[in-house]
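Chain residues, written in single-letter form:
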Amino acid sequence: MKNDIKTIKHRFIVKGMDCANCSVQIEKAVSKIPGVKDATASLTSEKLTVASDPGLPPEKVRQAVQSLGYQIADEKATREAVLFVEGMDCQDEVELVEKRLKPLGGVIDFKPNLMSQKLTVAYYPEEITVEEITRELGKAGLKARIEKQKHVEARAWWQEPKLVLLALSGLITLTTFIAQQLGFSRTIADYFFGLAILIGSYYPAKMALAGLRSFTLNIRLLMILGAVGAVSLDLWEEAAFLVFIYLLGDVLEVYAVDKARGSIRALMELAPSEALVKRDGSEKMLPVEEVRVGDIVIIRPGEKIPLDGRVASGSSTIDQAPITGESMPVSKRAGDEVFAGTINQRGALEIAVTKLAKDTTLAKIIHLVEEAQAKKSTYQRFAEKFGKYYTPGMFGLAIAVATIPPLAFGEDLATWYLRGLVVLVVSCSCGLALSVPMSVVTAIGNAARHGVLIKGGAYLEVASGITVLAFDKTGTLTVGRPQVADIVPLNSYSEKEILGIAAAIESRSEHPLAGAILEEAEKNKISLPEVEEFQSVTGLGAKAKVNGELYRIGNRQLFEDLVEKDRYEEQLAKLESQGKTAVILGNQKEILGVVAVADQLRPHIKETIAQLKSEGIKRTVMLTGDNKLTAAAIAAQIGVDEYLAGLMPEEKVEAVNKLKEKYGKVAMIGDGVNDAPAMAVADVGITMGSGTDVALETGDLALMADELPKISYALNLSQRSVRNIKQNIGASLAIVAFLVPAALIGVVSLVSGLLLNEVSALIVILNALRLLR
């Protein structure tokens, strides 16, 4: 829409838009406001753009959107901060964050990410500051700081207060226990056990109190109540061991989770933090954040490339494995693109920077990997829902066990009180809540290191059940760089004339085959005549005037009105049976000739298709806009089960839907450009594109290198991940199903129950780490 002085545009951020109907609903409501000329709500960017008369108050738009139940704010009036939250290691802490921030004035929206320990907060800067947000989180016992401040040096264990308290508590408890066995006074021993309890309980008690202030029952509270209950029964030794074992298990769990986070940290550490830049006639070492687009960066042999760019001078081989997963180094010379985080092997290079540090391919990969946890699988949602009710449920059960038998049936109070305490302590674990997201994060981190970007646990889950693979042909099964193979002149025209006219028309076209024809004309040093009145005919070809005469170039359908086209059908069929695409050139009266263009198949494509079939893929299908004969020839060469030819983009969508109805879950593999609609309807869209922005943004899975064998790796990893998640859920539920009844009938004690619980939880968490392999 024309944005003139009679129309102004307001842009808003809308939170809570999570379905297509939401955006339609908002657009309809806003469009009804008098003075609104147009309203566009974007589901992906969570933005609303409103074109209106100059006199329309923005408040009317905000009221209309808020009446639908959504949160809305002016785009310019809001800010977003990314905080690193130290100590956010369990779902309990996530709930604490939610309880603290939801009622906070000025906070529009927030997204906690447990596995990366990040909290993204959208807020009104005139109402609240980042410092006030971090102080509020501090009241919940959580240390928060701006993300850029989170990279701190690793500290020795004696510099970590939590580990020091663990060591002191354990030392006192174990020493006192041994001394007591050797005849040490129990009364004095109880004092030492009490000291160990006080030291070890400091951090759990701090988090338990923070939870109580927010009316949240967390696992720390269960442990503290268990320890206090044991002391009330004069079981000082058991209480001390209880605190020590819980604290030890907590530290080990955090360490295991940190190993999973290491897969993301490894990505962050790929690119150097500084770059040697040529600026103002000298060479300067600058932080990458200060390097501008267009700056020349010097890369010595053996150094990592700090930013995305193009080679300005020099030549070398680059190890792109950290980004694309390619096993072999790639030669680079002037004009070639390079990625941040890749390694220069031999020659010195000068790189012209094309993207800022925050916009590099590596930065986008890291962002997408971190955001992947937000796209949760059904297993993740189950684990979170289970955790939400588990702690309050165990608390309620413990109270019922401790009170009902003595009060209702006259049973011994001390016995059932102790059993109630055991129920509390056997439920002190984050095993299930942590193991499922850990499985997802470790799998996604593993994939990123191997050049496969998976955008969420939901896609990981769906990919594990794929039975059909639908491939786009050009640029996917083939290299995507077609070349002229034959020029067939007809009706007394020469090869040079045909190539010159064809190249002149194609010089205005964006079709992939146009480049091949232009390249052939340039190679033969043919000068191109003047072109007028160019017109693209979607799905058929193009028309244009060359030297004043109207010509057309394209496929058979473009020449349906010429009777003589049937005379050349045999020649066309012969070319197409060889896997070549026949580009026909003609005028209004006759066909002048044919330019046959062929694309090379990707290396090892036949073996890749065979391997995918052997690994359980039931059906492989090639979708192409090419003609049937060419499609049949290529399909026969690579060994796909089926091909569908002559398809327009909308027909590819229909084809994918039919495959889903007939065979089940379908993955669509392409470059993410003209096949984007088909990818959208497929269960999983897999893009290829060597790290291009289109490939990163379009697919649910993205292959950073154009290597089809990575599809097999990605599908196998997804199957392993789902198996791992099912094992963790099954084991976690089995542990609960064993320990709780055992506690009820008095089979396990306080210490043995907690020990069994912590060990089993650690086993479940360590099982998730197997996906790092």
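Our subject is the structure listed above.
Report follows, based on the coordinates.

Cut-offs and rules
- Residues numbered from 1 in each chain as written.
- Predicted model: local features only at pLDDT ≥ 70, side-chain atom pairs only at ≥ 80, totals over all residues.
- Heavy atoms only, no water.
- Helix = DSSP H or I, 4+ residues; strand = E, 2+ residues; numbered from the N terminus.
- Buried < 20%, exposed > 50% of the residue type's maximum accessible area, 1.4 Å probe, protein only.
- Contact = heavy atoms within 4.5 Å.
- Areas by Shrake-Rupley, 256 points an atom, 1.4 Å probe, with all protein chains shown as cover.
- Lys, Arg positive; Asp, Glu negative; His and termini not counted.
- Charge placed at Lys NZ, Arg CZ, Asp CG, Glu CD.
- Pairing = 2+ DSSP bridges.
- Axes fitted to C-alpha atoms, helices over the stretch in contact; angles between N-to-C directions.
- Parallel < 35°, antiparallel > 145°, perpendicular 65-115°, else oblique.
- Left-handed = near helix turned anticlockwise from the far one by under 90°.
- Nonpolar A, V, L, I, M, F, W, Y, C, P; charged D, E, K, R; others polar.
- Core = buried A, V, L, I, M, F, W, Y, C linked by side-chain atoms within 4.5 Å.
- Phe/Tyr/Trp six-rings, centres within 6.5 Å; stacked < 30°, edge-to-face > 60°.
- Lys NZ or Arg CZ within 6 Å of the ring centre and 35° of its normal.
- Salt bridge = Lys/Arg side-chain N within 4 Å of Asp/Glu carboxyl O.
- Arc of directions from axis to C-beta.
- Expected span 1.5 Å × (residues − 1).

1. Topic: the overall build of the protein chain
Then, number 1: In terms of regular secondary structure, the protein chain is built from 26 helices and 30 strands.
Then, number 2: By principal-axis analysis of the C-alpha atoms, the protein chain measures approximately 115 × 65 × 65 Å.
Then, number 3: Looking at the protein chain residue by residue over its 773 residues, the buried ones come to 50%.
Then, number 4: Of the contacts formed within the protein chain by residues at least 6 apart in sequence, a portion of 67% connects residues at least 24 apart.
Then, number 5: Entry remark: accessible area of the protein chain is about 35400 Å², with carbon and sulfur atoms responsible for 56%.
Then, number 6: Taking the 86 positively charged and 93 negatively charged side chains of the protein chain as two groups, their mean positions are separated by 1 Å.

2. Observations concerning the sheet that holds strand 12 (residues 309–313)
Then, number 1: Taken in spatial order, the six strands of this open sheet run 10-9-11-17-12-15, and their pairing is antiparallel. The two strands at the open ends of the sheet, each matched to only one other strand, are strand 10 (282–287) and strand 15 (337–338).
Then, number 2: In terms of strand pairing, strand 11 (residues 296–299) meets strand 17 (residues 349–353) through four bridges, oriented antiparallel. Counterpart to Ile296 in the pairing with strand 17 is Ala352.

3. Focus on the packing of helix 13 (residues 413–426) against helix 26 (residues 750–769)
When two helices pack together, their arrangement is given by the angle between their axes and by how far apart the axes lie.
Then, number 1: In contact at an axis separation of 8 Å, helix 13 and helix 26 are set at 15° when each is read in the N-to-C sense. Comparing their axes, helix 26 and helix 13 come out roughly parallel. In the packing of helix 13 onto helix 26, the handedness of the crossing is right-handed. Here Leu418, Leu421, Val422, Val425 and Val426 of helix 13 come into contact with helix 26, specifically with Leu750, Gly753, Leu754 and Asn757.
Then, number 2: Among the residues making up the contact of helix 13 with helix 26, the classes are represented as seven nonpolar, two polar and no charged.

4. So, the nonpolar core
Then, number 1: Within the largest apolar cluster, 54 residues are counted, with the highest numbers of intra-cluster contacts made by Ile454, Leu469, Phe471, Ile669, Ile686, Leu708 and Ile711.
Then, number 2: Of all the elements, helix 25 (residues 709–744) adds the most residues to this core, at seven residues.
Then, number 3: With 47 residues, the next largest nonpolar core counts Val422, Val423, Val425 and Val748 among its residues.

5. Some thoughts on the packing of aromatic side chains
Then, number 1: This structure, assessed with the given rule, holds three aromatic pairs.
Then, number 2: Ring geometry for Phe177 versus Phe241: centroids 5.4 Å apart, planes at 85°, classification edge-to-face. Taken together, the residues span a long stretch of sequence, with Phe177 in helix 5 (residues 161–181) and Phe241 in helix 9 (residues 236–268) at a distance of 64 residues.
Then, number 3: Across from the ring centre of Trp416, 4.7 Å away, lies the NZ or CZ of Arg419, which sits over that ring.

6. Brief notes about unusual backbone geometry
Then, number 1: Located in the positive-phi region is Ser492, a residue other than glycine, with phi close to 70°.
Then, number 2: Looking at where Ser492 falls in the secondary structure, it is placed in the loop between strand 20 (483–489) and helix 17 (495–506).
Then, number 3: Backbone geometry at Glu533 places phi at a positive 55°, although glycine is not the residue there.

7. Considerations on the pairing of strand 5 (residues 79–86)
Then, number 1: Across six bridges, strand 5 lies against strand 7 (residues 118–123) in antiparallel orientation. By the bridge assignment, Phe84 is partnered in strand 7 with Lys118.
Then, number 2: Sheet topology note: the strand 5/strand 8 (residues 143–146) ladder contains four bridges and is antiparallel. Bridging across to strand 8, Glu86 finds its partner in Lys143.

8. Details of the sheet that holds strand 16 (residues 343–344)
Then, number 1: Spatially, the three strands line up as an open sheet ordered 14-13-16, and their pairing is antiparallel. Every interior strand has two partners, whereas the edge strands, strand 14 (330–332) and strand 16, have only one.
Then, number 2: Sheet topology places strand 13 (residues 316–319) next to strand 14; three bridges connect them, and they run antiparallel. Bridge pairing links Ser316 to Lys332 in strand 14.

9. Points about the pattern of salt bridges
Should their charged atoms come close, side chains of opposite charge can pair.
Then, number 1: Within the structure shown, the criterion is met by 25 salt bridges.
Then, number 2: Among the charged side chains, a network of salt bridges with common partners joins Arg100, Glu136 and Lys139.

10. Focus on the packing of helix 8 (residues 219–232) against helix 13
Then, number 1: The contact between helix 8 and helix 13 brings their axes to 8 Å, and the two run at 155°. The angle between helix 8 and helix 13 places the two elements in the roughly antiparallel class. In this structure, helix 8 meets helix 13 at a crossing whose hand is left-handed. Here Leu222, Leu225, Gly226, Gly229, Ala230 and Ser232 of helix 8 come into contact with helix 13, specifically with Tyr417, Leu421, Leu424 and Val425.
Then, number 2: Its residues assigned to classes, the contact of helix 8 with helix 13 shows seven nonpolar, three polar and no charged.

11. Looking at the environment of Gly309
Then, number 1: Along the chain, the position of Gly309 falls in strand 12.
Then, number 2: A sequence separation of 427 residues divides Gly309 from Val736, and the C-alpha atoms of the two residues are 54 Å apart.
Then, number 3: With sequence-adjacent residues up to four places away left out, Gly309 is seen in contact with Asp336, Glu337, Val338, Ile351, Ala352, Val353 and Thr354.

12. Some remarks on helix 20 (residues 605–614)
Then, number 1: Within the sequence span of helix 20, burial applies to Ile605, Thr608, Ile609 and Leu612. Across the axial projection of helix 20, the buried residues extend over an arc of 100°, all falling on one side. The outward face of helix 20, more than 90 degrees from its buried face, is lined by the exposed residues Lys606 and Ser614.
Then, number 2: The inward-facing, buried residues of helix 20 contact strand 19 (468–472), helix 16 (473–477), strand 26 (619–623), helix 21 (628–638) and helix 25.

13. Some words on helix 25
Then, number 1: In this model, helix 25 (36 residues) spans 53 Å end to end at C-alpha, consistent with the 52 Å of a helix rising 1.5 Å per residue.
Then, number 2: Following helix 25 by one or two positions, Gly746 adopts a phi angle in the positive range, close to 80°.

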